[in-house]
Amino acid sequence: MFEARSVAPSAVGAALLTLVTAAATLLTLMFTTGADESVERSAFFGSLVFETVKRDDGALGITTGVDNPIPLMVLFLVLTAALTWIRTAYRGLKQRREQPLDTSGN
């Protein structure tokens, strides 16, 4: 049975990994866009959007953000489940390792 104490650290780690993934994706979108282009790009199953628009005064307007949060939530839940499973497996292996070996030969 899982307790909140075993899932909470996994959820925090999953949240950090999700934020890093979103930031890296947005940075990739930003740096793959040319300087003089007016484009709209989306990534990560349409959840993250980066848009550049050339304004009348010659400046370049940039808009970035989350368009559809569902893929990010799915990533968070998958990472939480994976990290919880890894923590549970590690804890079980650690307990098994600490048990004394039966050397009686039976």
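All of the points below concern the structure found in this document. Since the structure is predicted, the reported quantities are computational estimates derived from the model, not experimental observations. (Residues numbered from 1 in each chain as written. Predicted model: local features only at pLDDT ≥ 70, side-chain atom pairs only at ≥ 80, totals over all residues. Heavy atoms only, no water.)

**Some thoughts on a nonpolar patch on the surface**
- A surface patch of nonpolar side chains, amounting to about 360 Å² of accessible area, comprises Ile 70, Met 73, Val 74 and Val 78.
- Inspection of the secondary structure assignment puts Val 74 in helix α2 (residues 70-98). (Patch = residues over 30% accessible without salt bridge, like charges linked within 9 Å, V, L, I, M, F, W, Y side chains within 5 Å. Areas by Shrake-Rupley, 256 points an atom, 1.4 Å probe, with all protein chains shown as cover. Salt bridge = Lys/Arg side-chain N within 4 Å of Asp/Glu carboxyl O. Helix = DSSP H or I, 4+ residues; strand = E, 2+ residues; numbered from the N terminus.)

**Description of the sheet that holds strand β3 (residues 60-66)**
- As summarised here, the arrangement of the three strands in space is β1-β2-β3, forming an open sheet in which the pairing is antiparallel. Looking along the sheet, the strands with just one partner apiece sit at the ends: β1 (40-43) and β3. Direction aside, neighbouring strands of the sheet carry axes that sit 10 degrees apart on average.
- Strand direction decides the pairing type here: strand β2 (residues 48-54) and β3, joined by seven bridges, are antiparallel. Looking at β3, one finds that Phe 50 is bridged to Thr 64.
- With respect to the sheet, helix α1 (residues 4-31) is in contact with β1, β2 and β3, its orientation differing from that of β2 by roughly 30 degrees. (Pairing = 2+ DSSP bridges. Axes fitted to C-alpha atoms, helices over the stretch in contact; angles between N-to-C directions. Contact = heavy atoms within 4.5 Å.)

**Points about the pairing of β2**
- Where β1 lies against β2, four bridges are found, and the strand directions are antiparallel. Note that in β2 the partner of Ser 42 across the bridge is Val 49.
- Connecting β1 to the antiparallel partner β2 that follows it, the hairpin turn spans four residues, and Phe 44 within it adopts a positive phi of roughly 55 degrees.
- Between β2 and the antiparallel strand that follows it, β3, lie five residues; Gly 58 among them carries a positive phi value of about 90 degrees.

**Re unusual backbone geometry**
- Of note, the phi angle at Phe 44 is positive, near 55 degrees, even though the residue is not glycine.
- Counting through the fold element by element, Phe 44 comes out in the loop between β1 and β2.
- On the basis of relative accessibility, which here comes to 24%, the residue Phe 44 falls in the partly exposed class.
- Even without being a glycine, Phe 45 presents a positive backbone phi close to 60 degrees.
- Tracing the backbone shows Phe 45 in the loop between β1 and β2.
- Judged by relative accessible area, which is 73%, Phe 45 ranks as exposed. (Buried < 20%, exposed > 50% of the residue type's maximum accessible area, 1.4 Å probe, protein only.)

**Observations concerning α1**
- For α1, with 28 residues, the first-to-last C-alpha span of 40 Å sits near the 40 Å given by 1.5 Å per residue.
- Among all positions of α1, only Ser 6, Ser 10, Ala 14, Thr 18, Ala 22, Thr 25 and Leu 29 are buried.
- Turning to α1, the residues buried within the fold contact β1, β2 and α2. (Expected span 1.5 Å × (residues − 1).)

**Quick notes on α2**
- For α2, built from 29 residues, the straight-helix expectation of 42 Å at 1.5 Å per residue is met to within 8% by its first-to-last C-alpha distance of 42 Å.
- For α2, the set of buried residues is Pro 71, Leu 72, Leu 75, Thr 80 and Thr 84.
- In this fold, the buried residues of α2 make contact with α1, β2 and β3.

**Some remarks on the packing of α1 against α2**
- Where α1 contacts α2, the axes come no closer than 8 Å and their chain directions differ by 135 degrees. Between α1 and α2, the crossing angle belongs to the class labelled oblique. As for the relative orientation of α1 and α2, their crossing is right-handed in sense.
- Class assignment for the residues of the contact of α1 with α2 results in twelve nonpolar, seven polar and three charged. (Parallel < 35°, antiparallel > 145°, perpendicular 65-115°, else oblique. Left-handed = near helix turned anticlockwise from the far one by under 90°. Nonpolar A, V, L, I, M, F, W, Y, C, P; charged D, E, K, R; others polar.)

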